[in-house]
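# A structural walkthrough
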Amino acid sequence: MAKEKITGSEALMLALKAEGVKTIFGYPGGSIMPVYDALYDYTRGEKKAFNHILVRHEQAATHAAEGFARVSGEVGVCIVTSGPGATNTLTGIADAMMDSTPIVVIAGQVGIGVLGTDAFQEVDLVGVAQPISKWSYQIRHAEDIAWAVSRAFYIAKSGRPGPVVLDLPRNAQVETVDFQPQKADFVRSYVAYPEVNMEAVKEAANLINHAKKPLALVGQGVELGHAQEELKAFLEKADIPAGRTMLGLSALPSSHPLNVGMLGMHGNYAPNIKEQECDVLIAIGMRFSDRVTGNLATYAKQAKVIHLDIDKSEIDKNVKTTVAVIADCKDSLPAITALINKGDHKEWIDSFRSLKEKELKKVIEPAIHPTEGPLLMGEVVNAVAEATKGENITVTDVGQNQLFATRYSHYLQKRSIVTSGGLGTMGFGVPAAVGATFGAPGRTVVCFSGDGGFQMNIQELGTIMEQQAPVKIVVMNNNYLGNVRQWQDMFWQRRKSFTRMMNPCYELIAKGYGIPYTAVVDRKDLKSAIEKMLSTAGPFILECAILEDDDILPMTPPGKSVDEMMLSMDN
């Protein structure tokens with residue numbers, strides 16, 4: 001008896017199910033309607049396989065998929081319609097590409113018979129998405145769905161992860177096909193996991209064994225490679241201090257004795273200064289972004305550079321490498337660890353202490369324990385970190401809120417930081433936090449946002465309301481686009497051009513969405529308000545009235561060397 005044929009839309013459901021997908025973020029529309037009709041059966045009854053989260057904007061679908069992927073280690077999935085639905089995802093796709101986040105975006109498209117005719121809601125999504133995705137492909141017929149979906153997931157999650165875009169014309173959704181699941185584990189000319197070069201490993205180990213002042217720079221590649229334990233084994237055997245990039249903050253616990261802080265423009269003082277003093281610099285799963293290096297012409301010129309990265313294109317892209325070990329750090333780190341000597345760099349590690357104390361006295365203590373005046377962002381973040389004991393997932397929007405949140409949160413578990421690093425996408429926070437609650441349902445998700453970024457995807461309070469997603473949103477309201485305002489004060493003669501915000505009443509907005517809300521103006525009420533937020537089941541909005549000219553410090557001014565960090569506005 002011949003097997004009954006199924007539509008391409010149902011074939012898509014079965015292909016996603018074969019990939020282990022359980023959560024989908026999406027928004028229906030005309031060109032994706034056959035898929036949504038099939039999805040109806042696969043979200044209920046005997047066929048139930050998926051939990052579909054209806055977002056309120058397609059950009060939010062991609063950010064939610066990113067948040068899900070970041071905390072779960074799985075591929076985030078979103079489904080949207082063609083035209084504006086598809087183009088609305090482009091910011092999230094670019095964000096995922098910059099931050100190596102594995103997501104698969106499936107977008108409807110007009111039928112192939114009218115492609116190129118400027119049909120209603122037709123956009124060349126493949127052409128638009130190719131430069132900002134790891135792979136972009138149009139599935140022109142139903143018979144190609146199983147192959148394309150399997151390949152998409154393999155590409156998205158293997159090697160250096162990233163976003164994949166599948167463009168699905170309407171005819172492929174309604175055609176019938178004999179479905180057979182496929183499993184991709186190879187793509188010609190694509191080497192997902194380069195073999196460890198043992199000669200390079202020996203060279204790296206030799207440099208480390210002879211180093212007097214080694215310094216490790218830990219990036220998100222450690223998290224993506226599930227190599228947190230391998231990292232600790234390496235650092236502890238070699239006795240090497242480690243700075244962490246913003247995206248790599250939870251790759252090494254905040255409490256680890258070899259952790260010397262965050263790198264970068266608004267990172268900690270000691271690791272930034274010491275980058276200019278170390279004799280061997282070991283970069284592990286990081287890309288030497290301009291926000292980490294400052295002026296490349298003066299960056300770490302005294303050091304031998306060892307670069308561990310899975311992506312060959314990152315080698316020598318920004319910083320000239322002495323030794324490159326191109327492989328998954330879960331493989332390269334143990335290989336190096338096996339060849340290094342038991343290290344003792346006590347004197348070198350102790351030299352970080354005076355710099356740390358200088359920052360503590362001049363910046364950190366005034367930021368987290370002020371005695372007078374309006375609330376500060378640092379003290380709000382620190383108070384949340386103390387209340388959660390560092391066990392929460394920190395999600396941020398972009399701007400001063402992001403920089404304060406990443407600096408003053410505590411990271412005790414892996415995959416505990418979700419932020420837009422490379423693209424710096426305002427509006428990222430709230431939808432990414434929604435995704436994080438589905439990716440790590442047993443953990444507390446706290447989203448820090450400014451009043452500007454909060455409003456960029458504020459419609460996602462509707463998603464939170466419908467799903468009762470337990471996002472704890474901390475709106476740090478200073479009535480400004482704070483980061484731009486700070487730069488205007490520092491570099492543009494205090495000419496505050498269109499950075500002051502007229503804000504709505506967030507209490508009324510919260511009430512409209514049925515989300516519990518509390519405001520804090522006086523610091524004596526901060527601790528109890530945070531306790532109320534954390535003890536309330538489901539979502540919560542905590543608005544904090546912040547000093548309008550609260551500045552994020554230290555700071556390496558643009559174009560300056562990393563050791564020219566400013567500890568105050570006077571310098």
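Before any of the text, the structure's been laid out above.
Here the structure is a predicted model, which means the values were calculated and not measured.

### Here we look at the sheet that holds strand β9 (residues 214-218)
Across the sheet, which stays open at both edges, the six strands sit in the order β11-β10-β9-β12-β13-β14 with parallel pairing between neighbours. Either end of the sheet is taken by a strand with one partner, and the two such strands are β11 (259-262) and β14 (323-326). Adjacent strand axes in the sheet meet at a mean angle of 15 degrees when their direction is disregarded. The sheet contact formed by β9 and strand β10 (residues 242-244) spans three bridges and is parallel. Counted as the bridge partner of Val218 is Arg244 from β10. Its contacts with the sheet place helix α9 (residues 198-210) against β12 (280-284), β13 (304-309) and β14, and it is angled at close to 130 degrees to β14.

### What about the side chain of Gln109?
Here Gln109 shows up in strand β5 (residues 103-109). Engagement of the side chain of Gln109 in a polar contact is seen with the side chain of Asp167, the distance being 3.1 Å.

### So, the layout of surface pockets
Empty space left among the atoms is revealed by rolling a probe the size of a water molecule over them. Reported here for the second largest pocket is a volume of approximately 740 Å³. Sorting the residues of the lining of the second largest pocket by element identifies β11, α12 (269-274), α15 (346-368) and α17 (400-408) as the ones contributing at least two each. Considering each element in turn, the lining of the second largest pocket owes the most residues, nine residues, to α15. Taken together, the residues of the lining of the second largest pocket sort by class into 14 nonpolar, 10 polar and six charged.

### Quick notes on the packing of aromatic side chains
Summed over the entire model, instances satisfying the criterion amount to 12 aromatic pairs. Taken together, a centroid distance of 6.2 Å and an interplanar angle of 65 degrees make the contact between Phe25 and Phe68 edge-to-face. Of this pair, Phe25 sits in strand β2 (residues 23-26) while Phe68 sits in helix α3 (residues 58-72), placing them 43 residues apart in sequence. Judged by relative accessible area, which is 0%, Phe25 ranks as buried. Seen in terms of ring centroids, Phe454 and Tyr506 are 5.4 Å apart; in terms of plane orientation they differ by 65 degrees. Their pairing is edge-to-face. A residue pair is termed long-range when its members are at least 10 positions apart, and Phe454 in helix α19 (residues 451-456) and Tyr506 in helix α22 (residues 506-512) qualify at 52 residues.

### Description of the nonpolar core
Ranked by size, the top nonpolar core spans 62 residues in total, and within it Leu281 and Phe288 carry the most contacts. Looking at this core element by element, the count peaks at seven residues for α15. In this view, Leu281 contacts Leu215, Leu217, Phe288, Tyr299, Ala300, Ala303, Lys304, Val305 and Ile306; residues no more than four positions away in its chain are not counted. In terms of nonpolar packing, the next biggest core, distinct from the first, is built from 40 residues, Ala11, Ala146, Ile155 and Val177 among them.

### Regarding helix α18 (residues 429-439)
With 10 of 11 residues buried, α18 is to be regarded as a mostly interior element. Every buried residue belonging to α18 is among Gly429, Val430, Pro431, Ala432, Ala433, Val434, Gly435, Ala436, Thr437 and Gly439, and all of these are buried.

### Things to note about the sheet that holds β5
Strand order in the open sheet made by the six strands is β3-β2-β4-β5-β7-β6, with parallel pairing throughout. Every interior strand has two partners, whereas the edge strands, β3 (51-54) and β6 (135-138), have only one. Direction aside, neighbouring strands of the sheet carry axes that sit 20 degrees apart on average. Summarising the sheet, β6 and strand β7 (residues 163-169) pair through four bridges and their orientation is parallel. Looking at β7, one finds that Gln138 is bridged to Asp167. Relative to the sheet, α3 contacts β2, β4 (76-80) and β5, its axis offset from that of β4 by approximately 165 degrees.

### Let's talk about unusual backbone geometry
With omega at 0 degrees, the peptide bond leading from Leu553 into Pro554 counts as cis. Within the secondary structure, Pro554 sits in the segment after β20 (540-545). In this structure, Asp118 is a non-glycine residue whose phi angle is positive, near 60 degrees. Position of Asp118 among the secondary structure elements: in the loop between β5 and α6 (125-129).

### Remarks on the side chain of Asp239
Checked against the element boundaries, Asp239 lands in the loop between α11 (228-238) and β10. Of the buried charged residues, Asp239 lacks a salt bridge, with Lys342 as the closest side chain of opposite charge at 6.8 Å. One polar contact links the side chain of Asp239 to the main-chain amide nitrogen of His345, over a distance of 2.7 Å.

### Some remarks on the pairing of strand β15 (residues 393-396)
The alternating pattern of β15 places Ile393 and Val395 and Thr394 and Thr396 on opposite faces, both of which are buried. Two strands pair when backbone bridges link them, and β15 and strand β17 (residues 445-450) are joined in this way by four bridges, in the parallel orientation. Bridge pairing in β17 links Thr394 to Val446. Note that β15 and strand β16 (residues 417-418) share two bridges and pair parallel. Along β16, the bridge assignment pairs Val395 with Val418.

### Here's the deal with empty space enclosed by the protein
Going through the model one piece at a time under the given rule, you end up with two cavities of 30 Å³ or more. Its boundaries defined by the atoms lining it, the largest cavity holds a volume of some 60 Å³. Forming the walls of the largest cavity are Arg70, Gln220, Glu223, Leu224, Leu247, Ser250, Arg415, Ser416 and Ile417. Approximately 30 Å³ is the volume attributed to the second largest cavity. If you trace the second largest cavity, you find it lined by Ala15, Ala18, Glu19, Ala146, Val149, Ser150, Phe179, Pro181 and Gln182. Going through the elements one at a time, α1 (8-18) and α7 (145-157) are the ones with two or more residues in the lining of the second largest cavity.

### Re the pattern of salt bridges
The final tally for this structure, using the stated rule, is 24 salt bridges. Asp311 serves as the salt-bridge partner of Arg160, at 2.8 Å between the closest nitrogen and oxygen. Here Asp311 lies in the loop between β13 and β14 and Arg160 lies in the loop between α7 and β7, a separation of 151 residues in the sequence. According to the relative accessible area criterion, Arg160 is partly exposed, its value standing at 23%. Note that Asp350 is salt-bridged to Lys346, the shortest N-O span being 2.8 Å. Residue Asp350 and its partner Lys346 are both found in helix α15; the two are separated by four residues, about one turn of the helix. Connected through shared salt-bridge partners, Arg485, Asp489, Arg494, Lys496 and Asp551 make up one network.

### Here's the deal with helix α21 (residues 482-491)
Restricting attention to buried positions, one finds in α21 the residues Gly482, Arg485, Gln486, Gln488, Asp489 and Met490. Close packing links the buried residues of α21 with α17. Remark: Gln493 follows α21 within two positions and exhibits a positive phi of approximately 55 degrees.

Procedures and definitions
- Residues numbered from 1 in each chain as written.
- Predicted model: local features only at pLDDT ≥ 70, side-chain atom pairs only at ≥ 80, totals over all residues.
- Heavy atoms only, no water.
- Pairing = 2+ DSSP bridges.
- Helix = DSSP H or I, 4+ residues; strand = E, 2+ residues; numbered from the N terminus.
- Axes fitted to C-alpha atoms, helices over the stretch in contact; angles between N-to-C directions.
- Contact = heavy atoms within 4.5 Å.
- Polar contact = N/O pair within 3.5 Å; in protein donor to acceptor, adjacent residues only side chain to side chain.
- 1 Å grid on protein atoms, 1.4 Å probe; cavity = no way out; pocket = protein on both sides within 12 Å on 5 of 7 lines; lining within 4 Å.
- Points joined across faces, edges and corners; volume = space filled by probe spheres on them.
- Nonpolar A, V, L, I, M, F, W, Y, C, P; charged D, E, K, R; others polar.
- Phe/Tyr/Trp six-rings, centres within 6.5 Å; stacked < 30°, edge-to-face > 60°.
- Buried < 20%, exposed > 50% of the residue type's maximum accessible area, 1.4 Å probe, protein only.
- Core = buried A, V, L, I, M, F, W, Y, C linked by side-chain atoms within 4.5 Å.
- Lys, Arg positive; Asp, Glu negative; His and termini not counted.
- Salt bridge = Lys/Arg side-chain N within 4 Å of Asp/Glu carboxyl O.

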